[in-house]
Amino acid sequence: MNAIEVKQLSKTFRIKVKEKGLKGSMNSIFHPKYKTIKAVDDISFQVEKGEILAFIGPNGAGKSTTIKMLTGILYPEQGDVSVMGISPIEKRKKLAYKIGTVFGQKEQLWTHLTPYDNFKFFGAIYDLKDKEIEDRIEELKDVFELEEFINTPVRNLSLGQRIRCEIVASLIHKPEILFMDEPTIGLDPVVKENIRELIKKMNKEYNTTIFLTSHDVGDIEKLCKRIIIVNHGKVVLDDSMEHLKYHYLNKKILEVKMKEYQDFKEVEGITILKSKANNLKLEVDTTKKTISDAIKLFDADNMIDINISNVPLEKIITEIYKEVKS
Ligand code: ATP
């Protein structure tokens with residue numbers, strides 16, 4: 001059984017269009033006009049148990065609407081959804097015991113309570129016995145290193161500490177799937193790394209399936225093996241990260257540092273990205289020119305250093321967004 005099964009899911013919103021000015025306001029009361037927005041348009045995908053999936057797309061692509069239908073907050077207009085074998089529409093309460101949510105931009109914890117009291121509270125909501133809650137807090141306290149601030153009111157915690165506690169609160173009832181929306185937003189690079197490591201650890205330790213939505217390419221790159229890109233409510237790409245990075249664009253970045261300036265001219269398959277003094281940065285389309293042929297275009301005795309890297313994921317994703325828009 002897959003953790004998530006989505007078949008031909010669609011959702012349309014009908015919204016009132018308001019014309020300008022007072023007359024427009026009056027018109028919208030007495031002769032309202034509506035327009036429809038297809039927020040999710042016939043999407044299908046599966047997520048395996050224990051997978052960390054990046055579900056991304058530009059603003060307004062339909063991500064939140066999809067997540068809301070997966071968690072039973074919104075009714076689909078069409079299609080089938082099954083999360084851990086449960087229909088979110090028919091058995092929303094039963095599903096709540098199996099899933100957890102973390103919203104980087106939205107506090108779920110009570111700020112005047114300590115993390116410890118919050119965890120007790122969340123445990124009680126999920127009908128856990130006192131002993132079960134205590135044991136779970138003890139376990140998660142160690143994994144997420146909360147010892148130092150578990151008894152400090154949440155309002156006095158740093159953002160990074162709070163996010164760690166938000167994640168722990170969402171794990172109290174041992175959910176099998178965690179929906180994470182921008183879990184590292186606003187965090188400094190060191191804390192971001194720390195949170196990503198903890199997410200990986202949690203996935204490994206408890207085999208928690210993670211459905212991650214983030215505009216931060218670092219989150220996607222460091223955590224996910226698979227990526228689904230949605231735009232205008234449709235799935236425009238469903239691929240492994242490996243395949244996406246190494247084969248989607250078939251492009252490599254070649255940086256060459258030379259002893260002396262060499263007048264390098266673009267040839268088919270090679271684009272100059274940057275040329276500064278004796279340093280050149282090229283993009284090689286490996287379907288047209290192999291890396292070794294690209295290197296042969298340089299005088300070997302004149303080369304001090306070469307560096308070959310993949311096209312950054314951020315660039316790949318931006319190109320996919322652009323392609324879809326055009
Ligand atoms: P973001 O990255 O900005 O959060 P998103 O991918 O999560 O965007 P959604 O929030 O799912 O996008 O929105 C998809 C489309 O549906 C948008 O055009 C949005 O305006 C519209 N929409 C979402 N919720 C509603 C609603 N309750 N009523 C009307 N329209 C809505």
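The structure this text deals with has already been given above.
Please read all numbers here as calculations on a predicted model, not as lab measurements.

Q: Please explain the overall build of the protein as it appears in this structure.
A: Scanning the protein from N- to C-terminus turns up 11 helices and 13 strands. Restricting the contact set of the protein to residue pairs at least 6 apart, pairs at least 24 apart contribute 69%. About 17600 Å² of surface is accessible on the protein, with carbon and sulfur atoms providing 50% of the total. In the protein, which carries 52 positive and 50 negative side-chain charges, the distance between the mean positions of the two groups comes to 7 Å.

Q: I tried to follow the site of the ligand on my own but got confused; where do I start?
A: Lining the immediate surroundings of the ligand are 13 residues, of which Gly60, Gly62, Lys63, Ser64 and Thr65 lie closest. Between lysine 63 and the ligand, the recorded distance is 2.7 Å, taken from a side-chain N or O atom to an oxygen atom. When contributions to the shell around the ligand are tallied by element, the ones reaching two or more residues are strand 1 (4–17), strand 2 (33–47) and helix 2 (63–70). It is helix 2 that contributes the most residues to the shell around the ligand, three residues altogether. When grouped by side-chain class, the residues that make up the shell around the ligand number six nonpolar, six polar and one charged.

Q: What is the right way to read the pattern of salt bridges from this model?
A: Summed over all chains, the structure comprises 21 salt bridges. The partner of arginine 226 in a salt bridge is aspartate 238, and the shortest N-O contact between them spans 2.9 Å. Note that arginine 226 is positioned in strand 8 (residues 226–231) and aspartate 238 in strand 9 (residues 234–240), a separation of 12 residues in sequence. We classify arginine 226 as buried; its relative accessible area is 14%. When the shortest N-O distance is used, the salt bridge between lysine 288 and aspartate 285 registers 3.8 Å. Classification of aspartate 285 by relative accessible area gives buried; the value is 14%.

Thresholds, definitions, all that
Residues numbered from 1 in each chain as written. Predicted model: local features only at pLDDT ≥ 70, side-chain atom pairs only at ≥ 80, totals over all residues. Heavy atoms only, no water. Helix = DSSP H or I, 4+ residues; strand = E, 2+ residues; numbered from the N terminus. Contact = heavy atoms within 4.5 Å. Areas by Shrake-Rupley, 256 points an atom, 1.4 Å probe, with all protein chains shown as cover. Lys, Arg positive; Asp, Glu negative; His and termini not counted. Charge placed at Lys NZ, Arg CZ, Asp CG, Glu CD. Near = heavy atom within 4 Å. Polar contact = N/O pair within 3.5 Å; in protein donor to acceptor, adjacent residues only side chain to side chain. Nonpolar A, V, L, I, M, F, W, Y, C, P; charged D, E, K, R; others polar. Salt bridge = Lys/Arg side-chain N within 4 Å of Asp/Glu carboxyl O. Buried < 20%, exposed > 50% of the residue type's maximum accessible area, 1.4 Å probe, protein only.

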